[in-house]
There are 4 protein chains.
Amino acid sequence: MSQLVAKTPPLSQRDRSTPKLISELCRQFYGLGWVSGTGGGISIRDAEGVWVAPSGVQKERIDPDEVFLLADGVWDRVEILERPRDPALRISECQPLFFNAFRMRDAGAVLHSHSLWAVLAARLACPDGGPGEFRSQNLEMQKGLRGVGCFDELRVPIIPNTARESQLSDSMADAIARYPDVDAVIVAGHGIYVWGRDWVHAKTQAECLDFLMRATVEAHRLGLGPA
Amino acid sequence: MSQLVAKTPPLSQRDRSTPKLISELCRQFYGLGWVSGTGGGISIRDAEGVWVAPSGVQKERIDPDEVFLLADGVWDRVEILERPRDPALRISECQPLFFNAFRMRDAGAVLHSHSLWAVLAARLACPDGGPGEFRSQNLEMQKGLRGVGCFDELRVPIIPNTARESQLSDSMADAIARYPDVDAVIVAGHGIYVWGRDWVHAKTQAECLDFLMRATVEAHRLGLGPA
Amino acid sequence: MSQLVAKTPPLSQRDRSTPKLISELCRQFYGLGWVSGTGGGISIRDAEGVWVAPSGVQKERIDPDEVFLLADGVWDRVEILERPRDPALRISECQPLFFNAFRMRDAGAVLHSHSLWAVLAARLACPDGGPGEFRSQNLEMQKGLRGVGCFDELRVPIIPNTARESQLSDSMADAIARYPDVDAVIVAGHGIYVWGRDWVHAKTQAECLDFLMRATVEAHRLGLGPA
Amino acid sequence: MSQLVAKTPPLSQRDRSTPKLISELCRQFYGLGWVSGTGGGISIRDAEGVWVAPSGVQKERIDPDEVFLLADGVWDRVEILERPRDPALRISECQPLFFNAFRMRDAGAVLHSHSLWAVLAARLACPDGGPGEFRSQNLEMQKGLRGVGCFDELRVPIIPNTARESQLSDSMADAIARYPDVDAVIVAGHGIYVWGRDWVHAKTQAECLDFLMRATVEAHRLGLGPA
């Protein structure tokens, strides 16, 4: 009990800049078409712990006080340090997938987008729903991705979708293990998970990948093959 | 007369958060391309009654004081509890269609969008103008819709358009009756009606359906069949 | 001279709500992609006279004090009632075209858009650059246009472009005369002029036409003929 | 040393309107899709010197105090008059390319966009990655470009991309020399550099070229040849 009290001090005692940032970024991602229909999500680590957006809420209207705070470094279970006052709010279903990137890559932040371009690029690469790879080459925006040059061939794993988000955990972990140089996993018919050493790196890589996926789809439409 | 007075107290006495919300949502829907050219509409129920946006006004510029308030539960006629000061304003022509969803489904809110994607998806499904069905499968965004899983085949009824919006009432009611598990009706060459248990649910389902209709149109463009 | 003084009282004496509106609408039209690259324009009549945006300026950054005021009813020449303080500013090159709609139709406002959809719809209808017609049918958004039902066939005149905007004046006037039921003229490879009884009507018709032109282009892309 | 001190007075002594403008324009360009993923850049000259945005930062979030100030007229090396307080910030990798336009054309401002339309238009014109030309004709928006009429054939040089941005310097300079009437160079698979006599002229030409490149791509999609 005392421990519980210790874990949930008055809101004022914690640095709340990260939940504020999550609220702001979700509004921006809504404008990019990444999180419509309450889809998508984000999790950012800071000195306070692991902040995770709630599940099934309008992402462009998240209030900083609606963000969960979880214990950092505890990846085998969910240890909640702070929960929103609204008891109806649940932790994002993406939590196990976010934890994959934290545990296996020590990521500082993970984004999950329901971008149309991720869905279409995966359809083109895997008409049967995957598994497979999204490939890109000769595009400058590849340089926004860790360790990738503009003339390299980028390969991002595509995994099949599952009925429930949590069921993606093992296949996503397997893809992460098989692609040590890539900070993203595409889920067929669903979207993409992208992470980075911090939120800026995660967001930058997510924007570059979205551009590359769209450019590949648009080039296909123009009757052009890979660049 | 006294009853009339009782029904129209000074504005200050009513909770006006819903008309404010309607004004805000219409501005957001304009940004999504759902309500350009004064098209589309929205109606939300609250403890005060049924709030309905006016007809033929610029949706991104609706003032909360321009929203009508109708009596809740009175679906066989229109009982106005409060009308905007501007006598030129008329109730949205969608009112009978909104009432269908309130009466038959006890919806808490109904949105009507003139989305380009609804028009194009209906064209692809019904080149002859309908009736017919919009179908989608294997897309994660389906999970934002009541009772639909990502591997289910979603079927949304498409009804032919009519010269006047009010003439759609019977065919929409018939479609609602025939599709008890679906909270939307697409009108060929026109747009889509989407509802939900409350405004958040209605908006979430509208965003998911818009994504699904666009994804289907874009996949067709890419020479891909249903997902 | 005294007359000139009479014509240019201190700014404070005039109702400046219309130039403020023009500044606001131009910012909105920029967001719609209608006035990029300093293209497009707008003119609105009010009790003060005819307000016209300046030529060759960034439309999303027009200051209300940069708008010209011209004498109303004087259509055979340009009688300036008030000019911006910046002597470098010139009246929009669209002025003779705006005057066509004022003189021949007693329009209350005229918009000129450089919408991509106008350019593409004209290309499809007139691969040779015009003259010709943009046609649309069976689309609900047609009802936002004066006298047009959703099952009518809409026909909007397309005229060939000219080296200088002012050279369009005669062919635009001829098209206006030949299409008495239409409040718009499309210029091939250029854009569209749309007017109405007031600015709301002009803007509403411009949004509906932009939707119809885009829907026609997108349907063509999908291998579909006219709706 | 004293000279160094002389060169770096307290921030307050300099006119900081240009770095503020750069921050504002980068936010606007982000909205246009020109600078996602920290891509793209801008440099503007004023009486204080040459202001250059930093490299690899989120362009929609640049703080005016993060902009570098370089000595004007010193094109053979980089003479920094003022650097941001954050020591981690580096000058944009585009600096040598910006200097090409300043040195060879006495440009007042240079923009670098990673627009999707530049990438796709270059792909269509140069499937093999260039060198080549982007061509456009019979489009009104051409008139926003220096010395180009709407019936002229516009030709913009396309150069092949290189592994590092700085390696583009010589081939860009060569293209600038070969196209004295053009204020832009397209880089295949990468984006476009556009300049002008001042920032308004550079931005106007960049918007017009973006429109022209998109219009050309969209026309190709519609099965239409050059206008």
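Remember, predicted model here, so these are calculated numbers, not experimental data. (Residues numbered from 1 in each chain as written. Chains lettered and ligands numbered in written order. Predicted model: local features only at pLDDT ≥ 70, side-chain atom pairs only at ≥ 80, totals over all residues. Heavy atoms only, no water.)

**A look at the pairing of strand E9 (residues 191-196) of chain C**
All names here are of chain C.
Part 1 of the argument: The buried count for E9 comes to 6 of 6 residues, which makes it a mostly enclosed element.
Part 2 of the argument: Neither face of E9 is left uncovered, since the one carrying Gly 191, Tyr 193 and Trp 195 and the one carrying Ile 192, Val 194 and Gly 196 both have all their residues buried.
Part 3 of the argument: Pairing of strand E5 (residues 109-113) with E9 involves 5 bridges; the strand directions are antiparallel. Paired with Ser 113 across the two strands is Ile 192, which belongs to E9.
Part 4 of the argument: Pairing between strand E8 (residues 184-187) and E9: 4 bridges, direction antiparallel. Bridging from a neighbouring strand, Ile 186 pairs with Ile 192 of E9.
Part 5 of the argument: Taken together, E8 and the strand that follows it, E9, pair antiparallel across an intervening segment of 3 residues, in which Gly 189 is found at a positive phi of about 65°. (Buried < 20%, exposed > 50% of the residue type's maximum accessible area, 1.4 Å probe, protein only. Helix = DSSP H or I, 4+ residues; strand = E, 2+ residues; numbered from the N terminus. Pairing = 2+ DSSP bridges.)

**Side note on the environment of C:Leu145**
All names here are of chain C.
Part 1 of the argument: Tracing the sequence through the fold places Leu 145 in the loop between strand E6 (132-137) and strand E7 (153-159).
Part 2 of the argument: Since its relative accessible area comes to 6%, Leu 145 is described here as buried.
Part 3 of the argument: Distance in space between the C-alpha atoms of Leu 145 and Trp 117 is 17 Å, their sequence separation being 28 residues.
Part 4 of the argument: Setting aside residues up to four positions removed in sequence, Leu 145 forms contacts with Leu 154, Gln 205, Cys 208, Leu 209 and Leu 212. (Contact = heavy atoms within 4.5 Å.)

**Considerations on the sheet that holds strand E5 (residues 109-113) of chain D**
Neighbouring strands of a sheet are bound in pairs by backbone hydrogen bonds; such pairs are parallel or else antiparallel.
Residue and element names in this part refer to chain D.
Part 1 of the argument: Judged by pairing direction, the sheet is mixed, and its 9 strands sit side by side in the order E4-E3-E2-E1-E5-E9-E8-E7-E6 without closing on themselves. Each edge of the sheet is formed by a strand with only one pairing partner; in this case those strands are strand E4 (80-82) and strand E6 (132-137). Neighbour to neighbour, the strand axes of the sheet diverge by 25° on average, direction disregarded.
Part 2 of the argument: Pairing of strand E7 (residues 153-159) with strand E8 (residues 184-187), which is carried by 2 bridges, proceeds in the parallel orientation. Across the sheet, Ile 159 pairs through a bridge with Val 187, a residue of E8.
Part 3 of the argument: Along the sheet face, helix H2 (residues 17-31) touches strand E1 (41-46), strand E2 (49-52) and E5 and points at about 150° away from the line of E1.
Part 4 of the argument: The sheet contacts of helix H6 (residues 199-221) involve E1, E5, E6, E7, E8 and strand E9 (191-196), and relative to E9 the element is tilted by about 145°. (Axes fitted to C-alpha atoms, helices over the stretch in contact; angles between N-to-C directions.)

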